[in-house]
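Now for the letters of each chain:
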Amino acid sequence: MQTQAYYANMRKPTGRPKKEDVARRLEHILEVAETLFVQVGYQATSIDTIARAAGISKKTIYGKFGSKSGLFVAIVQRVTARLVGPGLPLEDDLPLFEGLVLRAEMILRATHDPGAINLNILTFREGRLFPELSRSIAAASDDAYRRPVEAYLACCARRGLIMEADYAFVAQSFLVMLTFDTVIAEARGEVHAMSVAEQRAHAHRISTFFARALQQSDLPSVHETGSGPTAAVRSAPILKSSR
């Protein structure tokens with residue numbers, strides 16, 4: 001982490017701040033805030049504390065993020081962007097099983113990142129008092145994982161690889177089965193470590209199950225299951241974040 005003195009000096013530019021300096025300052029604020037939220041707790045960490053630790057003014061934080069919850073949303077978005085990069089591919093020419101394995105391994109790598117795990121543990125610990133934490137995690141998970149998998153399944157249907165189905169529900173179920181053990185551990189405040197080899201084996205098991213199910217002719221259609229994921233499946237937190 002950069003020193004407070006360095007960033008304090010950045011507050012006194014002789015002219016208009018350079019883009020790289022602004023970006024570096026925002027990155028520093030997010031890094032400091034994430035560390036404090038994880039180590040001290042969301043409730044126990046005030047904007048005053050973050051401003052002092054980052055060597056900036058409260059006005060800067062409010063001006064950029066609006067509120068403490070806005071700052072947390074930015075942290076989650078930053079972590080997600082770092083973990084998934086350009087995102088899961090929405091389509092490709094791979095066979096169904098290989099395409100599912102590719103996406104499963106990407107999701108498992110992201111959700112086993114220590115930073116992601118820390119944010120999820122924080123959300124389980126304080127989400128009842130601060131529901132905006134859970135909403136931020138759920139929204140990021142939806143954008144980073146569920147929607148791309150749903151789009152991929154729709155692409156596979158257009159290619160004639162699978163039958164018609166409620167792809168949003170299938171995508172969410174895919175995520176829940178992939179991350180179930182890790183999510184349960186996080187709810188207990190624990191870390192469920194999985195080696196790269198274990199992640200690969202788990203990705204193959206889950207992808208095999210879904211590839212076989214999606215190619216069965218008796219799979220229920222979207223009209224039979226409803227318009228989207230059930231509330232029960234949607235409630236499972238799926239994200240995870242940074243180192």
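Above this text is the structure in question.
In this report, the structure presented in the accompanying data block is examined. Since the structure is predicted, the reported quantities are computational estimates derived from the model, not experimental observations.

A look at the overall build of the chain
Secondary structure assignment for the chain yields twelve helices and zero strands. N-terminal to C-terminal, the α/β element order of the chain is α-α-α-α-α-α-α-α-α-α-α-α. Across the 243 residues in the chain, those meeting the buried criterion constitute 45%. Contacts in the chain between residues at least 24 apart in sequence constitute 78% of all its contacts with a sequence separation of at least 6. When the accessible surface of the chain is split by element, carbon and sulfur atoms take 54% of a total near 12600 Å².

Considering the side chain of Ser 136
In this fold, Ser 136 is placed in helix H8 (residues 131-158). Residue class for Ser 136 comes out buried when judged on its relative accessible area of 12%. Ignoring any residue separated from it by four or fewer positions in sequence, one finds Ser 136 in contact with Phe 72, Val 73 and Val 76.

Re the side chain of Gln 199
In this structure, Gln 199 sits in helix H10 (residues 196-214). Here Gln 199 is in contact with Leu 108, Arg 109, His 112 and Met 194, once residues within four sequence places are set aside.

Comments concerning the nonpolar core
Ranked by internal contacts, the top residues of the largest apolar core, which has 56 residues, are Phe 37, Ile 61, Leu 71, Leu 153 and Phe 174. The leading source of residues in this core is H8, at nine residues. Aside from chain neighbours lying at most four places away, what touches Leu 71 is Ile 29, Leu 30, Ala 33, Phe 37, Ile 47, Ile 50, Ile 61 and Phe 65.

Digging into the packing of aromatic side chains
What characterises a pair of aromatic rings is the spacing of the ring centres plus the angle enclosed by the ring planes. By the definition in use, this model includes six aromatic pairs. Considering the side-chain rings of Phe 37 and Tyr 42, the 5.0 Å spacing of their centres and the 45° angle between planes classify their relative orientation as tilted. Judged on exposure class, the residue Phe 37 and its partner Tyr 42 are both buried. With centroids separated by 6.2 Å and ring planes inclined at 55°, the aromatic side chains of Phe 37 and Phe 72 adopt a geometry described as tilted. Placement of the pair is Phe 37 in helix H2 (residues 19-40) and Phe 72 in helix H5 (residues 68-84), with a sequence separation of 35 residues. According to the relative accessible area criterion, Phe 37 is buried, its value standing at 0%.

Some words on the packing of helix H7 (residues 114-126) against H8
Two numbers describe how H7 lies on H8: the axes approach to 8 Å, and their chain directions differ by 145°. In this structure, H7 crosses over H8, and the sense of that crossing is left-handed. Two secondary-structure elements touch here, H7 through Leu 119, Asn 120, Leu 122, Thr 123 and Glu 126 and H8 through Leu 133, Ser 134 and Ile 137. The residue makeup of the contact of H7 with H8, split by class, is four nonpolar, three polar and one charged.

Some words on helix H3 (residues 47-54)
Taken together, the buried positions of H3 are Ile 47, Ile 50, Ala 51 and Ala 54. All buried residues of H3 fall inside an arc of 100° around its axis, so they share one side.

What about the state of the cysteines?
Applying the stated criterion across every chain, the model contains zero disulfides. In this structure Cys 156 is not part of a disulfide, and its nearest cysteine sulfur, from Cys 155, lies 5.6 Å away.

Definitions and limits used
Residues numbered from 1 in each chain as written. Predicted model: local features only at pLDDT ≥ 70, side-chain atom pairs only at ≥ 80, totals over all residues. Heavy atoms only, no water. Helix = DSSP H or I, 4+ residues; strand = E, 2+ residues; numbered from the N terminus. Buried < 20%, exposed > 50% of the residue type's maximum accessible area, 1.4 Å probe, protein only. Contact = heavy atoms within 4.5 Å. Areas by Shrake-Rupley, 256 points an atom, 1.4 Å probe, with all protein chains shown as cover. Core = buried A, V, L, I, M, F, W, Y, C linked by side-chain atoms within 4.5 Å. Phe/Tyr/Trp six-rings, centres within 6.5 Å; stacked < 30°, edge-to-face > 60°. Axes fitted to C-alpha atoms, helices over the stretch in contact; angles between N-to-C directions. Left-handed = near helix turned anticlockwise from the far one by under 90°. Nonpolar A, V, L, I, M, F, W, Y, C, P; charged D, E, K, R; others polar. Arc of directions from axis to C-beta. Disulfide = S-S within 2.5 Å.

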